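Coordinate inspection notes
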Amino acid sequence: PLISNLYRTAYHFQPPRHWINDPNGPMYYKGIYHLFYQYNPYGSVWGNIVWAHSVSTDLINWTPVEPGIYPSKPFDVNGCWSGSVTILPDGTPAILYTGIDAQNHQIQNIAYPKNLSDPYLIEWVKPDYNPVINTNGVNASAFRDPTTAWYNPKDKHWRVVVGSRRGDRGLAYLYRSKDFKRWVKTAHPLHSSATTGMWECPDFFPVSLQGQNGLDTSVNGPGLKHVLKVSLDVTRYEYYTVGKYLTELDKYVPDNTSADDHTGLRYDYGNFYASKTFYDPAKHRRILWGWSNESDSVADDVAKGWAGIQTIPRSLWLDKNGRQLVQWPVEELETLRGKQVGLKNTVLKSGDMVEVKGILTSQADVEVTFDLPSLEDAEPFDPLWMDPQILCSKKGANTKSGVGPFGLFVLSSEKMEERTAVFFQVYRAVDKHVVLMCHDPSRSSLRNEVYIPYYGGFVDVDIKKEGKISLRTLIDHSVVESFGGGGKTCMTSRIYPSMAVGEKAHLFVFNNGLEDVKVTELNAWEMGRPKMN
Ligand code: FRU
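To keep things clear, this report deals only with the structure shown in the data block. (Residues numbered from 1 in each chain as written. Predicted model: local features only at pLDDT ≥ 70, side-chain atom pairs only at ≥ 80, totals over all residues. Heavy atoms only, no water.)

Here we come to the overall build of the protein. Helix and strand counts for the protein stand at 4 helices and 37 strands. In summary, the protein has a C-alpha radius of gyration of 23 Å against a globular reference of 24 Å for 533 residues, a match within 12%. Considered along the principal axes of its C-alpha atoms, the protein spans approximately 70 × 55 × 40 Å. The buried share among the 533 residues of the protein stands at 62%. Of all intrachain contacts in the protein linking residues separated by at least 6 positions in sequence, the fraction that spans at least 24 positions is 63%. (Helix = DSSP H or I, 4+ residues; strand = E, 2+ residues; numbered from the N terminus. Rg over C-alpha atoms; globule rule 2.2 N^0.38 Å. Buried < 20%, exposed > 50% of the residue type's maximum accessible area, 1.4 Å probe, protein only. Contact = heavy atoms within 4.5 Å.)

Contacts to the ligand come from Asn-21, Asp-22, Gln-38, Trp-46, Trp-81, Ser-82, Arg-144, Asp-145, Glu-200, Tyr-273, Ala-274 and Trp-291. Trp-46 is positioned such that a nitrogen or oxygen atom in its side chain is 3.0 Å from an oxygen atom of the ligand. Out of a free accessible area of 320 Å², the ligand has 93% covered by protein chains. Among the secondary structure elements, those contributing two or more residues to the shell around the ligand are strand E1 (18-29), strand E5 (80-87) and strand E19 (273-280). (Near = heavy atom within 4 Å. Polar contact = N/O pair within 3.5 Å; in protein donor to acceptor, adjacent residues only side chain to side chain. Areas by Shrake-Rupley, 256 points an atom, 1.4 Å probe, with all protein chains shown as cover.)

This next bit is on the sheet that holds strand E37 (residues 517-527). A sheet is described by the order of its strands in space; here 6 strands give the open sequence E25-E37-E27-E33-E34-E35, paired in antiparallel fashion. In this open sheet, the two strands that pair with only one neighbour each are strand E25 (337-348) and strand E35 (489-494). Here the strands of the sheet are splayed against their neighbours by 15° on average, with no regard to which way each runs. With 9 bridges joining them, E25 and E37 adopt antiparallel strand pairing. (Pairing = 2+ DSSP bridges. Axes fitted to C-alpha atoms, helices over the stretch in contact; angles between N-to-C directions.)

Assignment of secondary structure puts Asp-250 in the loop between strand E17 (237-246) and strand E18 (251-254). Within the structure, the side chain of Asp-250 is placed 3.2 Å from the side chain of Tyr-245, a separation counted as a polar contact. Once you skip the residues sitting within four places of it in the chain, Asp-250 turns out to touch Arg-159, Leu-174, Arg-176, Thr-186, Pro-189, Leu-190 and Tyr-245.

A covalent bond between the sulfur atoms of two cysteines is what we call a disulfide. Summed over the entire model, instances satisfying the criterion amount to 1 disulfide. Here Cys-392 is linked by a disulfide to Cys-438, with a sulfur-sulfur distance of 2.0 Å. On the sign convention where negative is left-handed, the bridge of Cys-392 and Cys-438, at about -80° about the S-S bond, is left-handed. A residue pair is termed long-range when its members are at least 10 positions apart, and Cys-392 in helix H3 (residues 388-395) and Cys-438 in strand E31 (residues 433-443) qualify at 46 residues. Both residues of the pair, Cys-392 and Cys-438, count as buried. No disulfide involves Cys-80; its nearest neighbouring cysteine sulfur is the one of Cys-201, lying 15 Å away. By relative accessible area, which is 0% here, Cys-80 ends up buried. (Disulfide = S-S within 2.5 Å.)

Assignment of secondary structure puts Ser-193 in strand E14 (residues 191-193). Taking the C-alpha atoms as reference points, Ser-193 and Trp-328, 135 residues apart in sequence, are found 29 Å from one another. A polar atom in the side chain of Ser-193 sits 2.9 Å from the backbone oxygen of Asp-260.

Counting residues in hydrophobic clusters, the biggest one holds 53 residues, and the most contacted among them are Tyr-267, Phe-370, Leu-408, Phe-424, Ile-469 and Leu-522. With 5 residues, strand E29 (residues 403-412) is the largest single contributor of residues to this core. Counting residues in each nonpolar core, the second largest holds 25 residues, with Leu-35, Ile-60, Ile-312 and Val-330 among its members. (Core = buried A, V, L, I, M, F, W, Y, C linked by side-chain atoms within 4.5 Å.)

Moving on to the packing of aromatic side chains. Per the stated rule, a full pass over the model turns up 33 aromatic pairs. On the basis of an interplanar angle of 70° and a centroid distance of 6.2 Å, the ring pair of Trp-51 and Tyr-97 is categorised as edge-to-face. Placement of the pair is Trp-51 in strand E3 (residues 50-56) and Tyr-97 in strand E6 (residues 93-100), with a sequence separation of 46 residues. The two residues Trp-51 and Tyr-97 agree in class, both being buried. Taking 5.7 Å as the distance between ring centres and 65° as the angle between the ring planes, the aromatic pair formed by Trp-62 and Trp-289 counts as edge-to-face. Remark: Trp-289 occurs in strand E20 (residues 285-292) and Trp-62 occurs in the loop between E3 and strand E4 (63-69); sequence separation between them is 227 residues. Using a relative accessible area of 1% as the deciding quantity, one classes Trp-62 as buried. For Trp-289, a relative accessible area of 1% gives the class buried. Members of the aromatic cluster, joined through ring pairs, are Phe-13, Tyr-37, Tyr-39, Trp-62 and Trp-289. Its end group placed over the ring of Trp-306, Arg-8 keeps NZ or CZ at 5.4 Å from the ring centre. Between Lys-304 and the ring centre of Trp-306, over which it is positioned, the NZ or CZ distance is 4.8 Å. (Phe/Tyr/Trp six-rings, centres within 6.5 Å; stacked < 30°, edge-to-face > 60°. Lys NZ or Arg CZ within 6 Å of the ring centre and 35° of its normal.)

Set out below in structure tokens:
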């Protein structure tokens, strides 16, 4: 088969061809979900950026419509870069986006729907009073990606954040407006961090202290915390903190529960960038979209004629521990589940590997729970092991340890010449156990031109008390998207096998640790193919 078809995804969001990057302006409006995204209409490398636009009633089946925003005015002749939607109190959606002007300055513009009774919101109008935020007092080549705005009823002002940098300092500039038209920079940024470099695609929103419901972006008061997420163009990773929004001072102060720099918490410890959330009033949830770039060569992107996907939209909420977020694929994804196979109460002794047969495993949704009868032999944890990604790359899925590695081999060839491992490993620290989750793609492809980094994250669970850990992995031809510990630690990899493709892909559950591991339950579903643009 053509390389273009081998790696196309079935149920992850992508257009029929060409380059895509950031998700933009996701929203729910009159019964329809909208997703815009950065798109090159002329090729499969970055450039000529417009806001492509698709609509859906279920976040799973997508219909393309005309691009919503494209270069047409002096204030965006050189590109329509990332931005967000704010639903105004009368229900009107307003787009704030970064326009690239004739001087290649990054300025912030507004656009409104031409016809509010069109639920598809196909045509957008850019008022001539644009830009609404100019580059006064900022670095004009590092000033972009406005957030969804929020409203403070006390002082009757809107506020919005724009990402920037000053030297190595990442900045979230804050602007205020009475009328959503004239915006004034506040005396201090909402927040900044000294060593991160540019903050792209900031996102700032409240999360409830209790339960899984989301909150509309303007909601404030007791019973909630705020989350600030930024994307770092230097590392190509995002990180977030959970903290307090001091409304009177117009300051965000992170709780001291995780690092406020590139070593901090991530939504996703893999190939996932420029993400954005929105509040879905239909199901009272906050939904996260993130872009997953190709990690194949540029030459192959050109040969394929397409590049980039969006990960599965995820609901997200604050964990009970108040320290981190939890994410889970939106429930609508389960409507694609077809033929199901599974295992029950299967003990995996050291070195055991069991194949999960009977479905197309290159297009599947797998959920598994591992029982850990004993942690006695857990390998001691070296406190110098700070970076989980490096730890994963040192250990890999085939290095025997006390408890683990155990997990799944996905996109495997029959004789394991190719395989991608998704696994856990448990260590014993001084006063607790440490759970590591990894993607090991070191043997994912016999092709050597592909970029295949290990990914890793720690899972903040009390494994001794719970005695078990769960894993859900979405496999979609060139994507492996995993949710560990019920969605506490997530990671996405792009994988390009040469043999383990289509019907030739196999799925195994394995245990390479010394201690037994019991699969209490494993369910694997073949996934259907939704309407995808
Ligand atoms: C992030 C980003 C944004 C910018 C857009 C341009 O991937 O660099 O900062 O607005 O992409 O396409």
